[in-house]
Amino acid sequence: MDYEKLAAVYDALSNTSKRLEKTALLADFLQGTPAAELERVILLLQGRVFPLWDKRVLGLSEKLLVKAIAASSGASERQVIDTWRDLGDIGRVAESLLEKKSQSTLFSEDLTVKAVFDNLRKVASSEGKGAMGTKVKLVAQLLSSAKGVEARYVVRSAIGDLRVGIAEGTLRDAIGWAYLVKDYTYDEEKNALLKDGEPVNGFPELRAALDRSNDFVLVARIAQEQGASGLREVSVVPGKPLKVMLAQKVIDFEEGFERVGKPCAVEYKMDGFRVQVHKSSEGDIRLFTRRLEEVTEQFPDVVEVVRERVVGREFIIDAEAAGYDPRTKKYRPFQDISQRIRRKYDIETLKKKLPVELAVFDILFYDGEECLDRPFFERRALVERIVRERPQHVVVMPRVVTGEVAEAEEFYKESLAAGNEGVMLKKLDAPYQPGSRVGTMIKLKPVMDTLDLVIVGAEWGTGKRSGWLTSYTVACFDEQQEELVTIGRFGTGIKEKEEAVSGDAVTFDGMTERLKPLIRSASGRDVVVRPEVVVEVKFEEIQKSPSYTSGYALRFPRFVKLRPDRGVEDLTTLSMVETAYERQRGRG
Ligand code: ATP
């Protein structure tokens, strides 16, 4: 398949913000995609060449891309950088410089989807001495046969920043329309996708298959070849992470009981990090965060304790790993142990300094059998049967089962006294729903006024703060429009270097280091950055405001901590902001 076709779709997608129009564009394209190209097309549409859980990365910086653009266009690196300054987007730079060149060349070979995919994969596998040169060459090779808009998307794919806005839900629905409905029409005037003049209500089989496999390529292939019946057969597989089930919030037990029914399970809400533990039939144990990043190497202690103390041939369990202080016997806040998630060296030292306890609270697969649809009380009983507890190493999540507010309150106090964040309330007969913020699992904590937001912009400081990015614009996620919307700007809570007493404090220096490589464009002192750095932000109040695209603004926002365990998909949503706003008005 010619890459030109894919580039045209990217371009069309970037020209509309209507979700259904995007879905229709994608569905049309998928219908015309032959089976042999499907894997490449699906991954490239997601802006990647490896599946989500694959650890391989391309390792291409903007600097290397400048070299590749220079090599393929004949422009000097200086010219490339100058054009970049003018256009503010490295993809457009490639497009404009190569456009000029292709007008002066008579013909060149057509670029194929396969070539782009293969070369980008090769980029990831070139390592060691001379690797940078090889990476540049591989991209330059693609650019040499790329025409205008193709160059834009080759470069954007290389940098992992497609900027065409294909949300997962849109791709999922497009697969549904293309392969399950097949015969559909897009009514442009009404902005509606229709089958025989009627809308279609979701694609339950597709959702279930994606929930279980988390694998768009697999699911698209099955939908294309076998339709809905094939999708029903998709099951979870140990070794392949699936999205975790998430909770909703309440403000007190009365509200909590109303949601999950009485009696329910009231568990500790530990302030650690979520870990999905997989053991395959070969005995391989692997750990994944809630963002599906593999962290097996960082936690040899957890691997060992699972091997020794969780009985079973193969399983997937859901747990929280919480730091504890062996002296005080209390749990430590997440912040204290967060460095263990990223650290790739000195693991043995860190393991001793910052030990974690694994508290198992759910199970998704056990010895050949998927458990997602079994009621929670049965899954919990299974957990109790297979975990051989050893406090401070591995435990079953402490809990009570009750329908009495007084008893629940008592347990809540006990949980806080032990150093936890609050409690979780869980409906006893609920299934496990991967990836959803469900009403069957509820959290209750004393302070709820923090939001998880992503930094989308910043400002270069002046005077004493020049050379640093200060004042950060943050965004939440509008799940209706599937886009980020801004909600405020903060600078408070970040330390000047000399103020930073503990080694873990976040400084302007540190923030600048994190954000600088993510700069997409600049105008005056303001920069726009790629939305990757997720932060937890405290505030006094939410107000309505036209200054930000969410329509809301935070009063006195203040930085609490970095959330390296969070991605854009975990952000506070606009509807959560709306609920918090309404609630605050109710209280006020
Ligand atoms: P928060 O910022 O409040 O931790 P969150 O956005 O991480 O919330 P939620 O789904 O809202 O995620 O809250 C559940 C999280 O709490 C889980 O992801 C998990 O890491 C943690 N947790 C601690 N104890 C439990 C428990 N007993 N059951 C489920 N999750 C727990």
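Rules used throughout
- Residues numbered from 1 in each chain as written.
- Predicted model: local features only at pLDDT ≥ 70, side-chain atom pairs only at ≥ 80, totals over all residues.
- Heavy atoms only, no water.
- Helix = DSSP H or I, 4+ residues; strand = E, 2+ residues; numbered from the N terminus.
- Contact = heavy atoms within 4.5 Å.
- Buried < 20%, exposed > 50% of the residue type's maximum accessible area, 1.4 Å probe, protein only.
- Pairing = 2+ DSSP bridges.
- Axes fitted to C-alpha atoms, helices over the stretch in contact; angles between N-to-C directions.
- Near = heavy atom within 4 Å.
- Polar contact = N/O pair within 3.5 Å; in protein donor to acceptor, adjacent residues only side chain to side chain.
- Areas by Shrake-Rupley, 256 points an atom, 1.4 Å probe, with all protein chains shown as cover.
- Nonpolar A, V, L, I, M, F, W, Y, C, P; charged D, E, K, R; others polar.
- Salt bridge = Lys/Arg side-chain N within 4 Å of Asp/Glu carboxyl O.

Peer 1: Account for the environment of I519, with residues named and values stated.
Peer 2: Its place among the elements puts I519 in strand β18 (residues 519-523). In sequence terms I519 and G457 are 62 residues apart; their C-alpha atoms lie 8.4 Å from each other. Setting aside residues up to four positions removed in sequence, I519 forms contacts with E62, W460, L469, V527, V528 and V529.

Peer 1: Tell me about the pairing of strand β14 (residues 437-444), and name the residues and values.
Peer 2: Of all 8 residues making up β14, 6 are buried, and the element is well covered by its neighbours. Pairing of strand β3 (residues 246-249) with β14 involves 4 bridges; the strand directions are parallel. Residue pairing across strands places L246 opposite R437, the latter belonging to β14. Pairing of strand β13 (residues 422-426) with β14, which is carried by 4 bridges, proceeds in the antiparallel orientation. Bridging across to β14, M424 finds its partner in K443.

Peer 1: Go over the sheet that holds β13, please, and point to the residues and values.
Peer 2: Read across the sheet, 5 strands follow the order β3-β14-β13-β4-β12 without closing on themselves; strand pairing throughout is mixed. Because the sheet does not close on itself, it has two edges, and the strands there are β3 and β12 (399-402). Pairwise comparison of adjacent strand axes, ignoring direction, gives a mean angle of 35 degrees for this sheet. Sheet strands in contact with helix α14 (residues 253-260) are β3, β4 (264-269), β12, β13 and β14, and its direction is about 160 degrees off that of β14.

Peer 1: Quick rundown of the site of the ligand? Include the residues and the values.
Peer 2: Around the ligand, the surrounding shell holds 19 residues, and the nearest of these are A247, E320, K443, K445 and R566. Side-chain polar atom of E267 to a nitrogen atom of the ligand: 2.8 Å apart, as the coordinates give it. Contact between the ligand and M270: a nitrogen atom at 3.1 Å from a main-chain N or O atom of the residue. The fraction of the free accessible surface of the ligand (590 Å²) that becomes covered by protein chains is 95%. Counting only elements with at least two residues in the shell around the ligand, the list comes to β3, β4, β13 and β14. Per-class residue counts for the shell around the ligand are 8 nonpolar, no polar and 11 charged.

Peer 1: Got a sec to walk through the pattern of salt bridges? Specific residues and values, please.
Peer 2: Applying the stated rule across the entire model yields 55 salt bridges. Note that K114 is salt-bridged to D118, the shortest N-O span being 2.6 Å. Here the residue K114 and the residue D118 both occupy positions in helix α7 (residues 113-125), the gap between them amounting to 4 residues, near one helical turn. Here K114 falls in the partly exposed class, since its relative accessible area comes to 40%. Under the relative-accessibility criterion, D118 is labelled partly exposed at 24%. For R313, the salt bridge goes to E314, with nearest N and O atoms at 3.4 Å. Of the residues examined, E314 reaches a relative accessible area of 11% and is grouped as buried.

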